[in-house]
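Notes for the structure review
The chain contents come next:
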Amino acid sequence: MQHLNTDPNFGIPGERYRHVYLPGDDFYEMLIAGHRGLADAQSELLNARLILLLANHIGDLRVLKEAIAAARAGLAADNADHDETPTR
Amino acid sequence: MLQTYTWPRYAYRRPAELDHGGERRVPLVVVGAGPVGLAAAIDLAQHGQPVVLLDDDDTVSVGSRGVCYAKRTLEILDRLGVGERVVAKGVTWNVGRTFHREREVFSFNLLPEAGHHRPGMVNLQQYHLEQYLVERAADLPGLDLRWRNRVVQVTPQADHAAVEVETADGRYTLRADWLVVADGARSPIRRALGLDIEGKVFQDRFLIADVVLDGEPFAADATERRFWFAPTFHRGESALLHRQSDQVWRMDFQLGWDADPEAEKQPERVLPRIRAALDSMGFPDMGFRLEWTSVYTFQCRRMARFRHGRLLFVGDAAHQVSPFGARGANSGIQDTDNLAWKLDLVLRGRAPDTLLDSYDRERCAAADENLQCSTRATDFMTPKSRAAQVMRDAVLSLAAEQPFARVLVNSGRLSVPATLRDSPLNTPDGDDFGGWMLPGAPLDDAPVLAADGRAGWLLAHTGGGFVLLHFGWPAPAQHDALAALAQAEVPVRTLVVLPPGSRVPAAVPPWAGVVIDRDDLAATRCDASPRTAYLLRPDQHVAARWREVDAAAVRRALARACGRA
């Protein structure tokens, strides 16, 4: 059984959204705004701190283990893409 | 020169004012005969208002410019008498596919739920739409469309705007009770009056090319919008392919801020880009011809207020968005849909002129929604920092596998109408309702049968004036009150919506229209039970709704929707 929820899940509980993309776009805007004005190194640190905060909030090690595996699996495929398309 | 379209040349006529004192007082002047100005003038003329529409040119838009017309806009164009032509000539499409490099990461199907007359989106070159609107305008005797009449000065006065107009034969002045300004993104009138328009400038350039393809990349009835992030065939962040009518395809390539706009427009630069895109899609043998090219930049900004005394700004003159999401022309036409009936009521003395402040409030809110969507799309498509770039690429790399990430992929959130949730014209709900037809929402369409049994659409039975949508027959005790509403100074027609399979009685009272809710979709979408009633504004937005109708409540809601509360 999978513990990690990979379906769209953004939103405020109890709120209705007229368009499915709205709560995700709200989140993405918040996230990018959180990086505004930071140097690259600070942005990296922000990302790391954010991962730690959210990981602690989730807490369930089964979920976190699956999330790490899913993130890593995607990387392999993406690297392969890079190799095929050296122009980018 | 375009190979698929010949620009009409519209005749200039010597304005009568030049021979009659050089001046005239008129109720309405609209400046700018683009799609938005034309829609405004046609709507006002359909209300029976005499309107003068001024344009400094004598033809329709050069180049195709606006391409996508959304369902709500098509519904408005239906009311203006050109919807059918636009849909017939345009290309209906539903599938959008998004690629990251060569890999498809996301696709969407715009096909709305069943039971809407108009599709989610129709693509049509802007010049066709403008031509249809010009031809429609010619049917309306009250609409005086004056080509090669250039506005040189506007002087706002307490009770009118003085509009000085230049022609080949000399200058004249129109003193307009109300001036609708639809003179485009560069709005000479807005600039001359020094009115602020503020927002975000994006430092980026895009090449658009309209090309005629010799073949069919996709079957005509299964056409696609294709969007690429980091395409392998183009050194830029994005590229887009879109079908228009007459085998003309729109291609859009992001060039970056440092690109030289003049050089990039030259065929020797454009042709290889298009060739590379076609080759990459698997069409190495497909030939093409260039129709039109342009290099554009854009801004996301709006005026602080759309009403300035007797001047009302609409469309690009009032607000500008990035093209991603097709929210430019669509929102401009929706501005006019909101404004025309209000101007009509004010001119007839049936509403206070403060009703026009609600135009400002409602359409500023809609513009903010459009600005937010188009700014977000632009930020996603062209990341502005290393951190944003990494995050964007992470979303794209997850999107092929992970459903949640697909929803985050943003290649433009396509134009949908604003729900005017916070409008002062709305009567807040007193009863509980589910669904989305809340006060301020544009009414969803639904298939209906007319009293004579003919199949049609709910929206075609509404609009133009106020309508009380009444589900099931009103109680006999209400009939006199509903008849009186139909005769009031601002009339409210009752439209009785009967459940599927109902029979229309032989004698329908004169104050009511009747339709049968063929598939029960009107009732479902409105979360209606027997005796539920919706008060609809002339622009088909919901003003108020009740589980049980009460003529006094309808009159109060009507007064509020007319700005009299």
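Just so we're clear, the structure is a prediction, and the values are computed from it rather than from any experiment.

Now for the confidence of the model for chain B. On average, residues of chain B score 94 in pLDDT, and 99% of them reach the 70 mark or higher. Listed scores for the predicted complex are pTM 0.95 and ipTM 0.90.

A word on helix 7 (residues 267–280) of chain B. Residues and elements named next belong to chain B. In this model, helix 7 (14 residues) spans 20 Å end to end at C-alpha, consistent with the 20 Å of a helix rising 1.5 Å per residue. When we look at burial in helix 7, the residues that qualify are V270, R273, I274, A277 and L278. Across the axial projection of helix 7, the buried residues extend over an arc of 130 degrees, all falling on one side. In helix 7, the exposed positions angled more than 90 degrees off the buried face are occupied by E268 and P272. Considering only its buried residues, helix 7 is in contact with strand 13 (206–213), strand 15 (238–243), strand 16 (248–254) and strand 17 (288–296).

Residue and element names in this part refer to chain B. The strand order across the open sheet built from 7 strands is 6-5-14-15-16-13-17, with neighbouring strands paired in mixed fashion. Where the open sheet ends on each side, the last strands, each with one partner, are strand 6 (103–109) and strand 17. For this sheet, the mean inter-axis angle between neighbouring strands, taken without regard to orientation, is 15 degrees. In the sheet, strand 5 (residues 95–100) pairs with strand 6 via 6 bridges, with the strands oriented antiparallel. For F99, the partnering residue across the bridge sits in strand 6 and is E104.

Every contact between the two is made by 25 residues of chain A and, on the other side, 24 residues of chain B. Breaking the side of chain A that touches chain B down by element, the ones donating at least two residues are helix 1 (22–35), helix 2 (40–58) and helix 3 (61–84) of chain A. It is helix 1 of chain A that provides the largest number of residues to the side of chain A that touches chain B, a total of 7 residues. Residue classes in the side of chain A that touches chain B are distributed as 8 nonpolar, 9 polar and 8 charged.

Here we come to unusual backbone geometry. Residues and elements named next belong to chain B. For D246, which is not glycine, the phi torsion reads 60 degrees and is therefore positive. Even without a glycine there, the phi angle at D527 is positive, about 50 degrees. Within the element layout of this structure, D527 appears in the loop between helix 13 (521–525) and strand 27 (533–536). The partly exposed category is assigned to D527, around which 16 C-beta atoms lie within 10 Å.

To continue, consider the packing of helix 2 (residues 71–80) of chain B against helix 8 (residues 329–347) of chain B. All names here are of chain B. Taken N-terminus to C-terminus, the directions of helix 2 and helix 8 make an angle of 45 degrees; their axes are 9 Å apart at the nearest point. Here helix 2 lies oblique to helix 8, going by the angle between them. Note on packing geometry: the crossing formed by helix 2 with helix 8 is left-handed. Taken together, the residues of helix 8 that come into contact with helix 2 (itself represented by R72, T73 and I76) are N330, I333, Q334 and D337. A breakdown of the residues in the contact of helix 2 with helix 8 according to their chemical character gives 2 nonpolar, 3 polar and 2 charged.

Right, let's get into the domain arrangement of chain B. Residue and element names in this part refer to chain B. Taken domain by domain, chain B consists of domain 1 (16–82 + 123–197 + 300–373) and domain 2 (447–561). Between the C-alpha centres of domain 1 and domain 2 there is a distance of 31 Å. On the domain 2 side, the residues contacting the 8 residues of domain 1 number 8 residues. Those elements that provide at least two residues to the side of domain 1 that touches domain 2 are helix 2 and helix 8. Looking at the side of domain 1 that touches domain 2, the element that brings in the most residues is helix 8, giving 4 residues. When the residues that make up the side of domain 1 that touches domain 2 are grouped by side-chain class, the tally is 2 nonpolar, 1 polar and 5 charged.

What follows covers the pairing of strand 24 (residues 466–471) of chain B. All names here are of chain B. Of all 6 residues in strand 24, 6 are buried, a share of seventy percent or more. Neither face of strand 24 is left uncovered, since the one carrying F466, L468 and H470 and the one carrying V467, L469 and F471 both have all their residues buried. Both strand 24 and strand 25 (residues 492–498) contribute to a ladder of 6 bridges, which runs parallel. From the neighbouring strand, F471 faces strand 25, where its bridge partner is V497.

Residues and elements named next belong to chain B. Connecting strand 5 to the next strand, strand 6, in antiparallel fashion are 2 residues, including R101 with a positive phi near 55 degrees. For strand 5 and strand 14 (residues 224–229), the ladder comprises 6 bridges, and the chain directions are parallel. Across the sheet, the residue bridging to F99 is W228, located in strand 14.

Conventions and cut-offs
- Residues numbered from 1 in each chain as written.
- Chains lettered and ligands numbered in written order.
- Predicted model: local features only at pLDDT ≥ 70, side-chain atom pairs only at ≥ 80, totals over all residues.
- pLDDT = per-residue confidence, 0-100.
- Helix = DSSP H or I, 4+ residues; strand = E, 2+ residues; numbered from the N terminus.
- Expected span 1.5 Å × (residues − 1).
- Buried ≥ 20, exposed ≤ 12 C-beta atoms within 10 Å, placed from the backbone.
- Arc of directions from axis to C-beta.
- Contact = placed C-beta atoms within 7 Å.
- Pairing = 2+ DSSP bridges.
- Axes fitted to C-alpha atoms, helices over the stretch in contact; angles between N-to-C directions.
- Nonpolar A, V, L, I, M, F, W, Y, C, P; charged D, E, K, R; others polar.
- Parallel < 35°, antiparallel > 145°, perpendicular 65-115°, else oblique.
- Left-handed = near helix turned anticlockwise from the far one by under 90°.
- Domains from an automatic or database assignment.

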